[in-house]
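Residues per chain, in single letters:
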Amino acid sequence: MRELLDREQLLSWWDGKVHRLLIDLAVALVFSGVLSTQATPWEFSLHFAVGVALLVRRRFPLVAAGASVALIALLLYLPPSWVALYSYARRYGSAPSTWVVGIVIITSGVTSNLIRYPDEPLFPTLLSIGVHSALYTVPAMLGLWLHQRQALLIGARERIERAERERALLTGRAVTEERRRIARELHDVIAHRASVMSLQAGALTLHAKDEGTAQTAEIIRENSAKALTELRGMLRVLREGPSDLSEAPTLAEIAELVRETGSGVRLSMPEELPSTTGSTGRAAYRVVQEALTNAAQHAPGASVSVVVEAGDELRVIVTNGPGAQASTAGPGYGLLGMRERVALAGGSLEVGPTADGGFRVSAVLPR
């Protein structure tokens, strides 16, 4: 029932537009002659049939033309033929069938006039034929002009859409080239520096004079190697486009991240971690990583707690107390990056100071 009462379904012949239906109703009532008070019942039925044909003239202009020719032949009533010729020219333009329809309509009018008034003098008859033919010039030319105008608008719209597609392709190509250029720069600069740092840390591990220095150097070397691995994945994404980052960190690696950060960080997380999508795991890991970095930068020496809760949603909370001293605030890109990453994963992020002067980061992510 809902489909039957759908307005666009009911008005499909009028492109779902109510005003077009109202216009066609008005045209059918005015030009069909159905409002004539002097028509006999038989004539009224003819006018009514022509009115129905005019009502569907947008979809079936040939039906309106045929009905108007029949009305001319039977009653010599011309107005419906004007509308029919306009509708046909408006639909098909200057096609050969339009000229055929126009000639048939004009010929039927002239022939019916000669048959109905056979005793008219020659000059009035010729004048009547000329006037009769001229009457059809206006609707025919109007229909042809509107058809051509619609064709020009369609062509212009297609050219605009084609230009937009081409611009989008050029923009995409430019973005790809820029991403590849950035990938080359990252590889030449950051990857080289990280490799040197990893090699130097490895050498320091082997030649350290005490065990504490060796352990610190080993941690530096391991983190440098991980940074290189993650950087290679990012470079592959920049070169080839979005893909499955199989080497990206996951939720299970948060424990190792906390362990590497130092003994001043307390971790609370379930023994059995829930299964999550790759984007959720990466987002949770990056939130913890950025929060720990910010705590070390802005509140050095402060106690830090990391809590991972798994329910219907995954909740990650990183809280640090007030530090012994505060370093100079950075540009704030870390919090912005966290917020964007959590939003892309479909979650929400809340950050702000705590009552004791510390700072709290809370991310809620879908599992």
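Presented here is a report on the structure given in the accompanying data block.

**A short note on the side chain of Ser-305**
Tracing the backbone through its elements, the reader meets Ser-305 in strand 2 (residues 304-310). Those residues in contact with Ser-305 that sit more than four places away from it in its chain are Arg-266, Ile-317, Val-318 and Thr-319.

**Side note on helix 5 (residues 79-92)**
A rise of 1.5 Å per residue sets the reference length of helix 5, with its 14 residues, at 20 Å; its end C-alpha atoms lie 21 Å apart and thus fit the reference within 8%. Taken together, the buried positions of helix 5 are Pro-79, Pro-80, Ser-81, Val-83, Ala-84, Leu-85, Ser-87, Tyr-88 and Ala-89. Looking one or two residues beyond helix 5, the residue adopting positive phi is Gly-93, at roughly 70 degrees.

**Points about the environment of Gly-346**
Its place among the elements puts Gly-346 in the loop between helix 12 (333-344) and strand 4 (348-353). Here Gly-346 falls in the exposed class, since its relative accessible area comes to 54%. For the pair Gly-346 and Ala-283, spaced 63 residues apart in sequence, the C-alpha to C-alpha distance is 10.0 Å.

**Details of the packing of aromatic side chains**
A full pass over the atoms with the stated rule returns two aromatic pairs. Both rings, one in Phe-44 and one in Phe-48, keep their centres 6.5 Å apart while their planes meet at 25 degrees; by these two values the pair is stacked. Taken as a pair, Phe-44 and Phe-48 lie in helix 3 (residues 41-55) at a separation of four residues, close to a single helical turn. You can call Phe-44 partly exposed: its relative accessible area is 38%. Pairing Tyr-88 with Tyr-92 gives two aromatic rings, centres 4.7 Å apart and planes at 40 degrees, and the pair type is tilted. In this pair, Tyr-88 and Tyr-92 both sit in helix 5, four residues apart, roughly one turn of the helix.

**A short note on the nonpolar core**
Residues Ile-254, Val-288, Leu-292 and Val-318 are the most contacted members of the largest nonpolar core, which totals 26 residues. Elements represented by at least two residues in this core include exactly helix 10 (254-261), helix 11 (278-298), strand 2, strand 3 (313-320), helix 12 and strand 5 (359-366). Here this core takes eight residues from helix 11, the largest share from any one element. Setting aside anything within four residues of it in sequence, one finds Val-288 in contact with Ile-254, Leu-257, Val-306, Val-316 and Val-318.

**A look at the pairing of strand 1 (residues 265-268)**
One ladder, built from four bridges, connects strand 1 with strand 2; its direction is parallel. Directly across from Arg-266, in strand 2, lies its bridge partner Ser-305. For the segment spanning strand 1, helix 11 and strand 2, crossover handedness is left-handed.

**Some remarks on the pattern of salt bridges**
Tallied over the entire structure, the rule returns three salt bridges. The shortest N-O distance in the salt bridge between Asp-24 and Arg-58 comes to 2.9 Å. Of the two residues, Asp-24 sits in helix 2 (residues 18-31) while Arg-58 sits in the loop between helix 3 and helix 4 (61-75), which places them 34 residues apart along the sequence. Residue classification places Asp-24 among the buried residues on the basis of a relative accessible area of 0%. Taking the relative accessible area as the measure of exposure, Arg-58 reaches 30% and is therefore partly exposed. In this structure, Glu-256 engages Arg-259 in a salt bridge whose closest nitrogen and oxygen atoms are separated by 4.0 Å. Of this pair, Glu-256 and Arg-259 both sit in helix 10, separated by three residues, roughly a single helical turn. Judged by its relative accessible area of 31%, Glu-256 is partly exposed. Since its relative accessible area comes to 57%, Arg-259 is described here as exposed.

Rules of the game
- Residues numbered from 1 in each chain as written.
- Predicted model: local features only at pLDDT ≥ 70, side-chain atom pairs only at ≥ 80, totals over all residues.
- Heavy atoms only, no water.
- Helix = DSSP H or I, 4+ residues; strand = E, 2+ residues; numbered from the N terminus.
- Contact = heavy atoms within 4.5 Å.
- Expected span 1.5 Å × (residues − 1).
- Buried < 20%, exposed > 50% of the residue type's maximum accessible area, 1.4 Å probe, protein only.
- Phe/Tyr/Trp six-rings, centres within 6.5 Å; stacked < 30°, edge-to-face > 60°.
- Core = buried A, V, L, I, M, F, W, Y, C linked by side-chain atoms within 4.5 Å.
- Pairing = 2+ DSSP bridges.
- Right-handed = clockwise from strand over helix to strand, strands pointing away.
- Salt bridge = Lys/Arg side-chain N within 4 Å of Asp/Glu carboxyl O.

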